[in-house]
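# Architecture at a glance
In case you want the letters, here they are:
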Amino acid sequence: MTTVAAPVLATGHIGLNVADLDRSVDFYRRGLGFDELGSGADGERRWAFLGQDGALVLTLWQQSSGEFSTSTPGLHHLSFQVGDVETVGVVEAALRALDAEFFHDGVVAHGEGASSGGIFFADPDGIRLEVFAPSGADTAPAPAGPAPTCGFF
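Described in the following lines is the structure provided in the data block. (Residues numbered from 1 in each chain as written. Predicted model: local features only at pLDDT ≥ 70, side-chain atom pairs only at ≥ 80, totals over all residues. Heavy atoms only, no water.)

Turning to helix 1 (residues 21-32), a few remarks are in order. Spanning 12 residues, helix 1 covers 16 Å between terminal C-alpha atoms, matching the ideal 16 Å at 1.5 Å per step. Among the residues of helix 1, Leu21, Ser24, Val25, Phe27, Tyr28, Gly31 and Leu32 are the ones counted as buried. An end-on view of helix 1 places all buried positions within 165° of arc, on one side of the element. The opening residue of helix 1 is Asp20, an N-cap whose side-chain oxygen sits 3.2 Å from the backbone nitrogen of Asp22. After helix 1 finishes, the residue Gly33 shows a positive phi value of roughly 80°. (Helix = DSSP H or I, 4+ residues; strand = E, 2+ residues; numbered from the N terminus. Expected span 1.5 Å × (residues − 1). Buried < 20%, exposed > 50% of the residue type's maximum accessible area, 1.4 Å probe, protein only. Arc of directions from axis to C-beta. Polar contact = N/O pair within 3.5 Å; in protein donor to acceptor, adjacent residues only side chain to side chain.)

Let us now look at the nonpolar core. The biggest cluster of nonpolar side chains holds 28 residues, and the ones touching the most others in it are Tyr28, Leu32, Leu60, Leu95, Phe121 and Val131. Mapped by element, the contributors of at least two residues to this core are strand 1 (14-18), helix 1, strand 3 (45-52), strand 4 (55-62), strand 5 (78-81), helix 2 (85-97), strand 8 (117-122) and strand 9 (128-133). In terms of residue count, the dominant contributor to this core is helix 1 (five residues). Beyond its immediate sequence surroundings of up to four residues, Leu60 is in contact with Leu16, Val18, Leu21, Ser24, Val25, Tyr28, Arg46, Trp47, Ala48 and Leu50. (Core = buried A, V, L, I, M, F, W, Y, C linked by side-chain atoms within 4.5 Å. Contact = heavy atoms within 4.5 Å.)

If you want it as structure tokens, here you go:
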């Protein structure tokens, strides 16, 4: 058996299926600050490309119905990092103005004793999302105790 040297990989964009493209574009623009880089339609197939500073981050594909399932294999959650816990608070305020569903009250630590932490919430289709900072959550509660908070919400 031949082994191929592993290439250096970096995450590219993330693609999400959504039920209502307009609703999702509005949520990701107003709640998370993404810019709409492009959109299109081919008959009933609609899509949008979202990003920051011209770089593609997220693609939305209107080809679903119902809500995100946590009981089937696939995406667990999507996480976005910001520079500091204060910015997490700014994002939280924007999301609360959109009536986003939160899984915890305010910023929580990633686990007992962790300095990193953030907010955990759902988009309009129920897709689980996180916005976190690598430090600054030292005094925040850890809802899952020693288990990773981002794994159990």
